[in-house]
Amino acid sequence: MVDDITPDETLDCRGLSCPMPILKTKKAIGKMKSGQILEVLSSDPGTKNDLPAFAKKGGHEFLGLKEEQGFTRLYLKVK
Amino acid sequence: MNEEKQQSAPVQILSRGYEKVFFENWPMWLGGLLIGVMSIITFAWARPWGVAGGLRNWGDWFFATIGIYSHKPLSPWISTNSVLTLGLLWGAFSSALMSKQFALRPAPGLELLKGIIGGILMGTGAAMAGGCNVGGFYSAMSALSASGIAMMIGLIMGAYIGLRYLYWELEHFPPGAAGGGEKGEKSFDWLRVQPYIGALALLGAIVFAWAYSNMALTRVGVLLLCGVAFGIIIQRTRFCFVRGFRDPFMTGEGEVPRAIAISLIVSILGFAALKWTGLRGEQVYVPQAFWFGALVGGIIFGIGMVIAGGCGSGSVWRAGEGQIKLILAVIFFSLSTSLVKAGIKGSEALSKLMGHRVFLPDFLSYKWTLILLIALLLVYYLLATWNEDTDKFTVEI
C-alpha cells in the first residue's frame, strides 16, 4: 500500500501548474539513484494523469497515489 | 453504499453513465476524434471553431467601454466569436464542477507573472497569425489554408524556445511551493455540492440557447452549445495543444501529437466536403497571414503558451477550472490581442507585412491539397511516435 512507502526524497510542487511538476520531477530523478523512491506533492489535477505517463515513458515504476486535502501525493521508483 | 442498492434501475444506469463521463479518464485519442467531429459540426451550423476571436471581442469591448476605442465592437452576447469562447469557458467550468475538480488554485508570484507574460505573448502572436492555436492553426489548417502550416512550424519552434527558457528558469530560479491548494477549516463539504451546481450550469446553457433561438438567433444559440461541448470534451480529456508541440522535446511522449494529427485529419476531411460542395465559402477561415504573420506569430504564440502552461483553448479551460495563473493569462491575452490587432489594422504597412490569404486548392486543387495535408500530419504522427522510442528530439535538463 502507498501508506507503507518511505520516500527517499520529497518534491513539493503544490501551487505549481503544468508542466512545472513534471519538469521538477524530471530534474529530481536525474540526481537520484536507481531504486530510490521519489514522493511528489501536487495540487494540479493534471499531475495524476501526467506523472504515471511520464514514469511509463521513462521506464520508472509508478507506485501509486494518495489524495490529501487539496493535493495529491504521488510515488515513483527510479529506474 | 446501502442507498445505492435501493436505487431503481434507471437511476443506476444514469449514475453509472455519470461516473463514466465525469470520473473516469478519457483517452487522449478520443478527445482528438471528438474535437474533430465537433469542429465539423460547428462549421456546418455556422462557422469554424475559434477561441482568440472571442477573447479579442472581450478586449475590444473593454477598451471601448473605458473610452480608448471610439467604435463599440459587436456585443459579446451577439458576436459568434465571443459566444464560442464563452461556451468553452462555460463547458469547462461546468465539467470541472461535475467531476469535482473545481477549486480556486493560487500560485506563487513568479508563476502568476508567467501567466501574465505568456498571455501577452499569446495575444500578440494570435493577432499576427489571424488566430490562436485554434483559429490560426487548427481551424485554419482544416480550412485548407497555407498559413495553418506556417503557424504549425512557428508553434513547434516557439514551443522549443519556450521549453529552453523553462529549463533555464529551473536552474536559476527554482520555483517555490505555494503550499496546499486549499487551507483552513471547512464549514461544509463544498465538493459534495459541486456536481449539482455543475448540472445547473449546463442546464443554464441550454436555457440560454433556447432564449437565443426565440430571438431568431438560433445559430448563436447553437454555437454557445458547441462551445460548451468543446469545453466538456477538452476538460475531461485535459486536451492540451501545448503538449502536442512541447512534449516531444520535454518528455518525449507522443500521445498528444498523435491525437492532434487524428483530430485534424477528421476535421480537414469535413471542411473539404463543406467547401468543395459549395455549402460554405472557400475563403472562410483562410487567414490573411501567409507567411510572415503565421510563422512569426506562431513562434511568439508558441513561446507564450509554454510559459503560461496553456494555449488559447487550454488557458480558457484551465481558467474555467479555477487556476489563477491561467485566469490572468486569459485576461492579458484578451487585452493584448485586442491592442495588437487594432495596431495591425490601423497600419497598411503592418497589414501587408503579415501576408496574404492562401487557399491551397487554388494552387494545388482539392485532391492534392488533401494529400499534402494528410501526408504532413502523418509525418508529424510518425515522427512523434519514432521520437518516443528514440528520444532523438528530447532535450535533457
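Residues numbered from 1 in each chain as written. Chains lettered and ligands numbered in written order. Predicted model: local features only at pLDDT ≥ 70, side-chain atom pairs only at ≥ 80, totals over all residues. Heavy atoms only, no water.

If you tally the helices and strands in chain A, you get 2 helices and 4 strands. Secondary structure elements in chain A, listed N-terminal to C-terminal, are β-α-β-α-β-β. For 79 residues, the compact-globule formula gives about 12 Å, and the C-alpha radius of gyration of chain A, at 11 Å, lands near that figure. Taken over the C-alpha atoms alone, chain A extends approximately 30 × 25 × 20 Å along its principal axes. Among the 79 residues that make up chain A, the fraction classed as buried is 56%. In chain A, the proportion of contacts linking residues at least 24 apart, taken out of those at least 6 apart, comes to 65%. Surface summary for chain A: the accessible area is close to 3,400 Å², and the carbon and sulfur share equals 47%. Looking at charge distribution, chain A has the averaged site of its 13 positive side-chain charges lying 8 Å from that of its 11 negative ones. (Helix = DSSP H or I, 4+ residues; strand = E, 2+ residues; numbered from the N terminus. Rg over C-alpha atoms; globule rule 2.2 N^0.38 Å. Buried < 20%, exposed > 50% of the residue type's maximum accessible area, 1.4 Å probe, protein only. Contact = heavy atoms within 4.5 Å. Areas by Shrake-Rupley, 256 points an atom, 1.4 Å probe, with all protein chains shown as cover. Lys, Arg positive; Asp, Glu negative; His and termini not counted. Charge placed at Lys NZ, Arg CZ, Asp CG, Glu CD.)

Here we come to the interface of chain B and chain A. Chain B puts 41 residues into the contact, and the matching count from chain A is 24 residues. In this assembly, chain B packs against chain A so that about 2,600 Å² is buried in total across both faces, 58% of it on carbon and sulfur atoms. Area buried by chain B at its contact with chain A is led by Leu170(B), Arg238(B) and Met250(B), which between them contribute 18% of it. Linking chain B to chain A there are 3 salt bridges. Note that Lys57(A) and Asp391(B) form a salt bridge whose closest N and O atoms lie 3.0 Å from each other. (Buried area = accessible area lost by both parts, 1.4 Å probe. Salt bridge = Lys/Arg side-chain N within 4 Å of Asp/Glu carboxyl O.)

Two strands in a sheet stick together by hydrogen bonds in their backbones, pointing the same way (parallel) or opposite ways (antiparallel). Residue and element names in this part refer to chain A. A sheet is described by the order of its strands in space; here 4 strands give the open sequence β1-β2-β4-β3, paired in mixed fashion. Here the strands that pair on one side only, and so sit at the sheet edges, are β1 (9-12) and β3 (61-68). Neighbour to neighbour, the strand axes of the sheet diverge by 20° on average, direction disregarded. Bridging between β1 and strand β2 (residues 37-42) involves 4 bridges; their strand directions are parallel. The residue of β2 that forms the bridge with leucine 11 is valine 40. Its contacts with the sheet place helix α1 (residues 20-30) against β1, β2 and β4 (71-77), and it is angled at close to 160° to β2. Its contacts with the sheet put helix α2 (residues 47-58) on β2, β3 and β4, and the angle it makes with β4 is roughly 5°. (Pairing = 2+ DSSP bridges. Axes fitted to C-alpha atoms, helices over the stretch in contact; angles between N-to-C directions.)

Right, let's talk about helix α4 (residues 52-65) of chain B for a bit. Residues and elements named next belong to chain B. Spanning 14 residues, α4 covers 20 Å between terminal C-alpha atoms, matching the ideal 20 Å at 1.5 Å per step. Among the residues making up α4, those that are buried are Ala52, Gly53, Gly54, Leu55, Asn57, Gly59, Asp60, Phe63 and Ala64. Along its buried surface, α4 packs onto α5 (80-98), α6 (109-129), α14 (312-320) and α15 (324-346). One or two positions beyond α4, positive phi appears at glycine 67, with a value near 90°. (Expected span 1.5 Å × (residues − 1).)

Residue and element names in this part refer to chain B. In the contact formed by α4 and α15, the axes pass within 7 Å of each other and the chain directions differ by 80°. Taken as axis vectors, α4 and α15 run roughly perpendicular relative to one another. When α4 is examined against α15, the residues Ala52, Leu55, Arg56, Gly59, Asp60, Phe62 and Phe63 are found in contact with a partner set consisting of Val330, Phe333, Ser334, Leu335, Thr337, Ser338, Leu339 and Lys341. (Parallel < 35°, antiparallel > 145°, perpendicular 65-115°, else oblique.)

The next thing to look at is the nonpolar core. All names here are of chain B. Counting 94 residues, the largest nonpolar core has Trp49, Phe137, Met141, Phe301 and Met305 as the members making the most contacts within it. Setting aside residues up to four positions removed in sequence, methionine 141 forms contacts with Gly148, Ile149, Met152, Leu264, Ile268, Leu373, Leu376 and Leu377. Core analysis: the next-biggest nonpolar cluster, separate from the first, contains 12 residues, Val83, Met98, Leu224 and Val228 among them. (Core = buried A, V, L, I, M, F, W, Y, C linked by side-chain atoms within 4.5 Å.)

Here we take up the pattern of salt bridges. One pass over the full model with this rule turns up 18 salt bridges over all chains. The salt bridge partner of Arg243(B) is Asp50(A), with a shortest N-O separation of 3.5 Å. Of this pair, Arg243(B) sits in helix α11 (residues 241-250) while Asp50(A) sits in helix α2, placing the two residues on different chains. The exposure classification of Arg243(B) matches that of Asp50(A), with both residues buried. A salt bridge links Lys114(B) to Glu111(B); the nearest nitrogen and oxygen atoms lie 3.0 Å apart. Taken together, the residues Lys114(B) and Glu111(B), both in helix α6 and 3 residues apart, mark about one turn of the helix. One network of salt bridges, in which partners are shared, links Asp3(A), Glu39(A), Lys66(A), Glu68(A) and Arg73(A).

With an omega of 5°, the peptide bond between Cys18(A) and Pro19(A) qualifies as cis. Following the sequence through the fold, Pro19(A) ends up in the loop between β1 and α1. Here the residue pair Phe290(B) and Trp291(B) is connected by a cis peptide bond, since its omega of 5° sits within 30 degrees of zero. With respect to the element layout, Trp291(B) can be found in the loop between β1 (288-290) and α13 (292-308). One non-glycine residue, Leu144(B), adopts positive backbone phi at about 65°.

If a strand is regular, its side chains alternate between the two faces of the sheet. Residue and element names in this part refer to chain A. Both β3 and β4 contribute to a ladder of 7 bridges, which runs antiparallel. Residue pairing for β4: glycine 64 is matched across the bridge by tyrosine 75. Linking β3 back to β4 in an antiparallel pair, the connection comprises 2 residues, with glycine 70 at a positive phi of about 85°.

Averaged over every residue, the pLDDT of chain A is 91; the share at 70 or more is 100%. Element-level mean pLDDT values for chain A span from 92 in α2(A) up to 95 in β2(A). (pLDDT = per-residue confidence, 0-100.)

Residues and elements named next belong to chain B. As for its position among the elements, arginine 219 is in helix α10 (residues 218-237). Taking the relative accessible area as the measure of exposure, arginine 219 reaches 48% and is therefore partly exposed. Sequence separation of arginine 219 and tryptophan 45 is 174 residues, and the distance between their C-alpha atoms is 6.8 Å. Once residues within four sequence positions are removed from consideration, arginine 219 is found in contact with Trp45, Ala46 and Arg280.

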